[in-house]
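Letter by letter, the chains look like this.
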Amino acid sequence: MRDLGRMLAILGGVIMVVGLALWAGIGAGWLGRLPGDVRIERGHTAFYFPIVTCIIISIVVTVLLAIFRR
């Protein structure tokens, strides 16, 4: 249980740092607007799915977790 608590604390800290960075405007220009993100607008309806952004975030989180597990 001690390792789980430490991992949750680290994950919470990472989420807080990323949230503060996004709140400060870092990444606001490109995050969610990468080539490959799906955006369909027709009339008064819009559909947006940032698939490439999700893949990049997943890779970064996987690398961070691999580093902190050691």
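This section reports on the structure supplied with the text.

What counts and how
Residues numbered from 1 in each chain as written. Predicted model: local features only at pLDDT ≥ 70, side-chain atom pairs only at ≥ 80, totals over all residues. Heavy atoms only, no water. Helix = DSSP H or I, 4+ residues; strand = E, 2+ residues; numbered from the N terminus. Rg over C-alpha atoms; globule rule 2.2 N^0.38 Å. Buried < 20%, exposed > 50% of the residue type's maximum accessible area, 1.4 Å probe, protein only. Contact = heavy atoms within 4.5 Å. Polar contact = N/O pair within 3.5 Å; in protein donor to acceptor, adjacent residues only side chain to side chain. Salt bridge = Lys/Arg side-chain N within 4 Å of Asp/Glu carboxyl O. Pairing = 2+ DSSP bridges. Expected span 1.5 Å × (residues − 1).

**So, the overall build of the chain**
Part 1 of the reasoning: A count of helical and extended segments in the chain gives two helices and two strands.
Part 2 of the reasoning: Reading the chain from its N end, one meets helices and strands in the order α-β-β-α.
Part 3 of the reasoning: The C-alpha radius of gyration computed for the chain amounts to 16 Å, which surpasses the reference 11 Å derived for 70 residues by more than 25%, pointing to a less compact arrangement than a globule.
Part 4 of the reasoning: C-alpha atoms of the chain, sized along the principal axes, occupy 55 × 25 × 20 Å.
Part 5 of the reasoning: Burial status across the chain gives 7% buried among its 70 residues.
Part 6 of the reasoning: Counting only contacts in the chain whose residues sit at least 6 apart along the sequence, the fraction spanning at least 24 positions is 16%.

**A short note on the environment of D37**
Part 1 of the reasoning: Inspection of the secondary structure assignment puts D37 in the loop between α1 (2–24) and β1 (38–42).
Part 2 of the reasoning: The spacing of D37 and L4 is 33 residues in sequence and 34 Å in space, taken between C-alpha atoms.
Part 3 of the reasoning: Each residue touching D37, except ones within four places of it in the same chain, is listed here: G32, Y48, F49, P50, I51, V52 and T53.
Part 4 of the reasoning: Here the side chain of D37 touches V52 through a polar contact of 3.1 Å, landing on its backbone nitrogen.

**Some thoughts on the pattern of salt bridges**
Part 1 of the reasoning: The full count for this structure, using the stated rule, is one salt bridge.
Part 2 of the reasoning: For E41, the salt bridge identified is with R39, shortest N-O distance 3.3 Å. For the pair E41 and R39, a shared accessibility class is recorded, and that class is exposed.

**Re the pairing of β1**
Part 1 of the reasoning: Across the five residues of β1, zero count as buried, placing the element largely on the outside.
Part 2 of the reasoning: Two elements, β1 and strand β2 (residues 45–49), share five bridges in a ladder whose sense is antiparallel. Across the sheet, the residue bridging to E41 is A46, located in β2.
Part 3 of the reasoning: Remark: two residues form the turn of the hairpin made by β1 and β2, two consecutive strands paired antiparallel; G43 in that turn has positive phi of roughly 60°.

**Concerning α1**
Part 1 of the reasoning: For α1, with 23 residues, the first-to-last C-alpha span of 33 Å sits near the 33 Å given by 1.5 Å per residue.
Part 2 of the reasoning: Just downstream of α1, G25 is the residue with a positive phi angle, here 105°.

Any functional reading would require information beyond the geometric quantities listed.
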